[in-house]
Amino acid sequence: MGLVCSNRKEMQKMKNLGSIGSSGRLSAEECEDEEISKLAISTFQSKEEEIERKKMEVREKVELQLGRAEEETRRLAHIWEELEVLDDPMRKEVAMVRKKIDLANRDLKPLGLNYQKKEKEYKEALEAFNEKNKEKAHLVATLVEMLTESERLRMKKLEELCKTIESMSLKP
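In this text, all values refer to a predicted model and were calculated from it rather than measured experimentally. (Residues numbered from 1 in each chain as written. Predicted model: local features only at pLDDT ≥ 70, side-chain atom pairs only at ≥ 80, totals over all residues. Heavy atoms only, no water.)

**Q** Would you take a moment to explain the overall build of the protein chain for this structure?
**A** Looking only at helices and strands, the protein chain features 2 helices and 0 strands. The buried share among the 172 residues of the protein chain stands at 4%. As displayed, the protein chain offers around 16,100 Å² of accessible surface, 61% of which is attributable to carbon and sulfur atoms. (Helix = DSSP H or I, 4+ residues; strand = E, 2+ residues; numbered from the N terminus. Buried < 20%, exposed > 50% of the residue type's maximum accessible area, 1.4 Å probe, protein only. Areas by Shrake-Rupley, 256 points an atom, 1.4 Å probe, with all protein chains shown as cover.)

**Q** In this structure, what is going on with a negative patch on the surface? I would like to understand it.
**A** Residues Glu121, Glu124, Glu127 and Glu131 make up a contiguous surface patch of negative charge. Among the secondary structure elements, glutamate 127 is positioned in helix α2 (residues 28-170). Judged by relative accessible area, glutamate 127 falls into the exposed class, the value being 58%. (Patch = residues over 30% accessible without salt bridge, like charges linked within 9 Å, V, L, I, M, F, W, Y side chains within 5 Å. Salt bridge = Lys/Arg side-chain N within 4 Å of Asp/Glu carboxyl O. Lys, Arg positive; Asp, Glu negative; His and termini not counted. Charge placed at Lys NZ, Arg CZ, Asp CG, Glu CD.)

**Q** How do you make sense of the pattern of salt bridges when you look at a structure like this?
**A** A side chain with one charge may pair with a side chain of the opposite charge, provided their charged atoms come close. Enumeration according to the criterion identifies 8 salt bridges in this entry. Here arginine 152 ties to glutamate 149 by a salt bridge, and the two come within 2.3 Å at their closest N and O atoms. Here arginine 152 pairs with glutamate 149, and both are found in helix α2, just 3 residues apart, close to one helical turn. A residue is classified by how much of its surface remains accessible, and arginine 152, at 44% relative accessible area, is partly exposed. Linked by salt bridges that have partners in common, Glu71, Glu72, Arg74 and Arg75 make up one network.

**Q** Would you take a moment to explain a nonpolar patch on the surface for this structure?
**A** Nonpolar side chains collect at one region of the surface, where Leu76, Ile79, Trp80, Leu83 and Leu86 lie side by side and expose about 570 Å² of accessible area between them. Within the secondary structure, leucine 83 is located in helix α2. Exposure remark for leucine 83: the relative accessible area of 46% places this residue in the partly exposed category.

If you want it as structure tokens, here you go:
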């Protein structure tokens, strides 16, 4: 802003020089002022050019950085898309397997309860069966013992009868 004010003052001096020096000749002081004005204008222009040049350098650097940032953004977006593609099939498969596991668990619960009930009934039936088998074995043993005793008694009776018959046949 200081350069702008300085430039205005110099412009005003130039106007004044033009209006005063109508004779066409400039005094030494006026020449010096003119030289100072030209030098100020030249300095101002060189500073303006330098500012413009630096502005362009900064703009180029910013554009370069923006280009890099855009390229990085594209690369990151591409990587993100690849991650999404990799993630989705697994997530769907995992969800399907988990759903099947949940269904299997739901089916297993009543089957497990039924199995426990049947196993209890089986154990009770097996125990009753074994009990009856023991009872039957005892009864069979008792029957065999009774039959054996009965046969023995019958044999004894037959022997007695045989002896009686023999004794009768021996007596004429």
